[in-house]
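Chain and residue survey
Listed here are the chains, written in short residue letters.
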Amino acid sequence: MEVRLGGAAAGVPARAYASVLQQVTFALEEIDRITHPMRATRPAWSVTRTDWTASSGPVVILTPDADPRRRSEEDISRPARALVDGVLTLSEVPEIPDGFSEGVIERIGNVRRQVDGRHRGLQAVTLISVNGARSIPAEVSEAVDRNARAAVTGTSYAYGSLVGTLDVISARRHKRRIGLLPDYGPAVSCNVDKLADDVVVGFFNKRVIVGGLLRRNSRGQVVRLDADHLELVPGLSPVRAADLIGALPDLGDGLSVSEYLARQRAR
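Please read these numbers as outputs of a predicted model, since none were measured by experiment.

Conventions used here
- Residues numbered from 1 in each chain as written.
- Predicted model: local features only at pLDDT ≥ 70, side-chain atom pairs only at ≥ 80, totals over all residues.
- Heavy atoms only, no water.
- Helix = DSSP H or I, 4+ residues; strand = E, 2+ residues; numbered from the N terminus.
- Expected span 1.5 Å × (residues − 1).
- Buried < 20%, exposed > 50% of the residue type's maximum accessible area, 1.4 Å probe, protein only.
- pLDDT = per-residue confidence, 0-100.
- Core = buried A, V, L, I, M, F, W, Y, C linked by side-chain atoms within 4.5 Å.
- Contact = heavy atoms within 4.5 Å.
- 1 Å grid on protein atoms, 1.4 Å probe; cavity = no way out; pocket = protein on both sides within 12 Å on 5 of 7 lines; lining within 4 Å.
- Points joined across faces, edges and corners; volume = space filled by probe spheres on them.
- Salt bridge = Lys/Arg side-chain N within 4 Å of Asp/Glu carboxyl O.

Turning to helix 4 (residues 102-116), a few remarks are in order. The end-to-end C-alpha separation of helix 4 is 21 Å, in line with the 21 Å expected for 15 residues at 1.5 Å each. Here helix 4 has its buried residues at Glu102, Gly103, Val104, Ile105, Ile108, Gly109, Val111, Arg112, Gln114 and Val115.

Listed below in structure tokens is the structure:
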């Protein structure tokens, strides 16, 4: 991942520089959890090169470490591509991109705030995926920030439920939240203040049904769920061959097994 921090000739403030790299790294890590929820190994993103260009300021290369025995280079590079593609999507429409969550959207907003904030000297942040061919540059622009805010703003409300896998549990906010990876659609943040701690923790990393108040954005995507019900998805009981004997007594019109098979082959 190439991170370009457009700055003035006098330099980019150190706090803004560090904050942008931190938010981009957090976004990459969260996208990796969303797109590969069952992976046991997570890459550590490291600064492997820095540069300064007179035209655009600092350029930083972030590279993930990868164990080729567990994850291929192609596999490990997907978060960077998803992050760039997502920012490009947000430059055009107010929807949650593939591989994104409300948390990733917030990271993008935090990056933009470093450009708009009081740290004079940081004028732009642009992301480029550099695995193999270089991607189209994705600037974290005002349009991206505007669409990102709209993408996680609820415009309609309805009671319903989602089926998916509990992925992340966080109690650091003023509200307890869990991350739900639905069978369909983007990751969803669920408020679980109404649920018992032991229930939430006990269902971590399991397929569940979560019910509550669904908040959808203007594109119809579920942004958040205020949960009041949580249960495991019922498993399918295995069926033995012996259990099927006699289940359809009239299937063969009174024919023996050999006669029935002979009739089917003759068709």
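Attention now goes to the confidence of the model for the protein. Residues at a pLDDT of 70 or more form 85% of the protein, whose mean pLDDT is 84. No element of the protein has a lower mean pLDDT than helix 7 (residues 241-244), at 54, and none a higher one than strand 5 (residues 138-139), at 96.

The subject of this paragraph is the nonpolar core. Counting residues in each nonpolar core, the largest one holds 35 residues, and the members touching the most others are Met1, Val3, Val24, Leu83, Phe100, Val125 and Leu127. Elements that contribute at least two residues to this core include exactly strand 1 (2-7), helix 1 (14-35), strand 3 (57-64), helix 3 (78-90), helix 4, strand 4 (122-128) and helix 5 (142-151). With seven residues, helix 1 is the largest single contributor of residues to this core. Discounting residues that sit within four places of it in the chain, Val24 has contacts with Met1, Val3, Leu62, Leu83, Val111 and Leu127. Grouped together as the second largest cluster of nonpolar side chains are 17 residues, Leu166, Ile178, Leu180 and Leu230 included.

When you line up the elements, Ala8 lands in the loop between strand 1 and helix 1. When the C-alpha atoms of Ala8 and Gly57 are compared, they prove to be 7.0 Å apart, with 49 residues separating the residues in sequence. Setting aside chain neighbours within four positions, we find Ala8 in contact with Trp52, Gly121 and Gln123.

Turning our attention to unusual backbone geometry. Negative phi values dominate among residues other than glycine, just as trans dominates among peptide bonds. Backbone geometry at Asn205 places phi at a positive 65°, although glycine is not the residue there. Its place among the elements puts Asn205 in the loop between helix 6 (197-202) and strand 9 (207-216). Its relative accessible area of 38% is what places Asn205 among the partly exposed residues.

A separate point is the layout of surface pockets. Taken as a whole, the second largest pocket spans an internal volume of roughly 190 Å³. Residue lining of the second largest pocket: 14 residues in total, with Met1, Thr63, Pro64, Ser77 and Asn131 positioned closest to the centre. Contributions of two or more residues to the lining of the second largest pocket are made by strand 3 and helix 2 (73-76).

Using the criterion set out here, one finds 11 salt bridges in the structure. Taking the shortest distance from any N to any O, the salt bridge between Arg219 and Glu95 comes out at 3.3 Å. Placement of the pair is Arg219 in the loop between strand 9 and strand 10 (222-232) and Glu95 in the loop between helix 3 and helix 4, with a sequence separation of 124 residues. Looking at Glu95, the relative accessible area reads 23%, which means it is partly exposed. Through salt bridges with shared partners, a single network forms among Glu2, Arg4 and Arg134.

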